[in-house]
Amino acid sequence: MAQIEREFLERQEPTERVFQAPPFIPRAKNADLGLEKLEGERYYSPAFMQAEWDRIWTKTWQLAARVDEFTEPGAFYVHELGKESFLFVMGDDGQIRGFYNVCQHRGNRLCQSELGIMDTFTCPFHGWKWNTDGTINHVADPQFFRQFDDGIPTEELGLKPVKVDFWGGWVWFNMDHDACPLKDYLGEAGLHLETYEFEKWHLVNFQTFEWNGNWKHAWDAFNESYHFAELHPDMIEFGEGHDIPIELLGIHSRMINFNRTVSEVVEDQETITPLRKHMMLSDRAGWRRNETTGYTGAAKDVHLEEIRRRRSIEDETYLPFKNMNDEQLVHQYHYSFFPSATFTQTPEGGAVFRYRPHATDPNICYYDFFIMAHLPPDAPRKERPRNRIHRHAENSDYSTAFGETFDPILANVLSQDGSNMKTMQDGIKSDSFTGMYLCDQEIRLRHFHKMIDDFISGAITTHNLPSGDAFLVRD
Ligand code: FES
Ligand SMILES: [Fe+2]
């Protein structure tokens, strides 16, 4: 058990309130998922990639865009996933719909911009047009088509829809029209996060990283903290990721990273160094700098002071402290929804990660990084941020990728994570590699890959989801 956990357990004040998100401390126990090694082929086999497409990507719920990006009828947003492109658009009736972004004449990509506002969508090849509700608006020279002698088959020529649903201020979609409703899919894990009031959050920045590694390497890298001490030596100076509580929640999972403290593996627990001052005594993501001055205690205990401070202003602040357990007030609640969406945040802001496969190559993935902020209700609206794609490069430095919206120290952490994508992809292909050893701090990976296998085999479908506590023993 991490030192901070013991201390937090001792000092936590008892409360009569019942919170939507149960705290991680005291720890629940995860089911024993065995000790088997994880084979490397799943990261580079084209057959495995195809099986993932057929049984996972086309059957599970995926994140598309923020609801508030659809500001008026005609506002649209294009999203790519694997070989597909999708067009999400608000109709004149105010409804947001999703379609395959494919011209029904000869199959051209219909909308070729990322976002904007349009009355109709015109294919640049021969000029066929569609309305914002997906119905056909115009066929160029229909008299040339003997197929249309008896009239244009409007039903058949409509854009092909995908299932759309909403949660957390996000538009989600599913290519499977028979999939279970999104709320059932997100299950208990979704309920936990409702206290953050994500629908009020703003998207502040959105960047995409193309990496020369399989999408699951990216998922794996961002769902365990076992690598912090070696790969992110800075991070353990101002947070704890060593031996942290983890919970498996049906097909999803969560962990907690402790903020504003010092890892138990670091010798100096006391000194407020310049790095610690910067990362622990100020709100570190640039959207709300607010120095907590006058703190004179030990570096490892800053989080306790901050919890007390936040609890004391819970009646005045617009932030939903009142509905949150003490852990949530300061620490990082990190949730991953199978297969491709991670939400990691404190009450005032956080990040959403999205992992996407390449269209054809299992050796390439896209890692989307969204920065989110819960701004005061009267804060001016941000412009819809443009997505920027950072192509794979050796020794990539992302310190300036996010401008003012993300701390350069954390951007450097992201560069460190990205640096393993190609080397992992290369290494696991070696004839000498006989599989991964996964420890209990990597149990989310073991569980995630088991979910992948179970979806591929058909043991799990969206109509046969394991319950939220199927892999969990809570006292
Ligand atoms: S391919 Fe789109 S109008 Fe011809
Ligand atoms: Fe990392």
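Predicted, not measured: the structure shown is a model, and the values here were computed from it.

### What about the domain arrangement of the protein?
Think of interface size as the accessible area that goes away when the parts come together; that is how it is often given.
Then step 1. Structurally, the protein comprises domain 1 (3–40 + 181–473) and domain 2 (62–168).
Then step 2. Between domain 1 and domain 2, the C-alpha centre-to-centre distance is 35 Å.
Then step 3. At the junction of the two partners, domain 1 supplies 18 residues and domain 2 supplies twelve residues.
Then step 4. Every element with two or more residues in the side of domain 1 that touches domain 2 is listed here: helix H4 (182–193) and strand S18 (349–357).
Then step 5. Ranked by the residues each element gives to the side of domain 1 that touches domain 2, the list is headed by H4, at five residues.
Then step 6. Its residues assigned to classes, the side of domain 1 that touches domain 2 comprises nine nonpolar, four polar and five charged.

### Considerations on helix H1 (residues 3–11)
Then step 1. Ile4, Glu5 and Phe8 are the residues of H1 that are buried. Along the long axis of H1, the arc covered by the buried residues comes to 100°, so they all point the same way. For H1, the exposed residues set more than 90 degrees away from the buried face come down to Arg6 and Glu10.
Then step 2. Packed against the buried residues of H1 are strand S13 (239–240) and strand S15 (252–259).

### Points about the sheet that holds strand S5 (residues 96–100)
Then step 1. Ordered in space as S2-S11-S10-S5-S4-S3-S6, the seven strands form an open sheet in which the pairing is antiparallel. Because the sheet does not close on itself, it has two edges, and the strands there are strand S2 (62–66) and strand S6 (115–117). Going from strand to strand, the sheet's axes swing by 30° on average, the running direction of each strand aside.
Then step 2. As defined by bridge partners, strand S10 (residues 161–167) adjoins strand S11 (residues 170–174) across five bridges and the pair is classed as antiparallel. Opposite phenylalanine 166, over in S11, you have valine 171 as the bridge partner.
Then step 3. With respect to the sheet, H4 is in contact with S10 and S11, its orientation differing from that of S10 by roughly 30°.

### A closer look at the pairing of S15
Then step 1. In terms of burial, S15 is largely enclosed, as six of its eight residues are buried.
Then step 2. Pairing analysis gives two bridges linking S13 to S15, with the strands arranged antiparallel. In the strand pairing of S15, glycine 239 is matched with asparagine 259.
Then step 3. Inspection of the sheet shows strand S14 (residues 246–249) paired to S15 by four bridges, in the antiparallel sense. In the sheet register, leucine 249 faces S15, and the bridge partner there is histidine 252.

### Things to note about unusual backbone geometry
Among all residues except glycine, the phi angle is most often negative; among peptide bonds, the trans geometry is most common.
Then step 1. The linkage connecting isoleucine 25 with the following residue, proline 26, adopts the cis geometry, with an omega of 0°.
Then step 2. Note on placement: proline 26 falls in the loop between H1 and strand S1 (29–30).
Then step 3. With an omega of -5°, the peptide bond running from phenylalanine 338 to proline 339 counts as cis.
Then step 4. Tracing the sequence through the fold places proline 339 in the loop between strand S16 (332–337) and strand S17 (341–346).
Then step 5. With phi around 45°, aspartate 141 is a residue other than glycine that occupies positive phi space.
Then step 6. By C-beta crowding, aspartate 141 is classed as exposed, having 8 other C-beta atoms within 10 Å.
Then step 7. The backbone phi angle of glutamate 197 is positive, close to 60°, even though this residue is not glycine.
Then step 8. Examined against the element boundaries, glutamate 197 turns out to sit in the loop between H4 and strand S12 (202–211).

The rules behind the values
Residues numbered from 1 in each chain as written. Chains lettered and ligands numbered in written order. Predicted model: local features only at pLDDT ≥ 70, side-chain atom pairs only at ≥ 80, totals over all residues. Domains from an automatic or database assignment. Contact = placed C-beta atoms within 7 Å. Helix = DSSP H or I, 4+ residues; strand = E, 2+ residues; numbered from the N terminus. Nonpolar A, V, L, I, M, F, W, Y, C, P; charged D, E, K, R; others polar. Buried ≥ 20, exposed ≤ 12 C-beta atoms within 10 Å, placed from the backbone. Arc of directions from axis to C-beta. Pairing = 2+ DSSP bridges. Axes fitted to C-alpha atoms, helices over the stretch in contact; angles between N-to-C directions.

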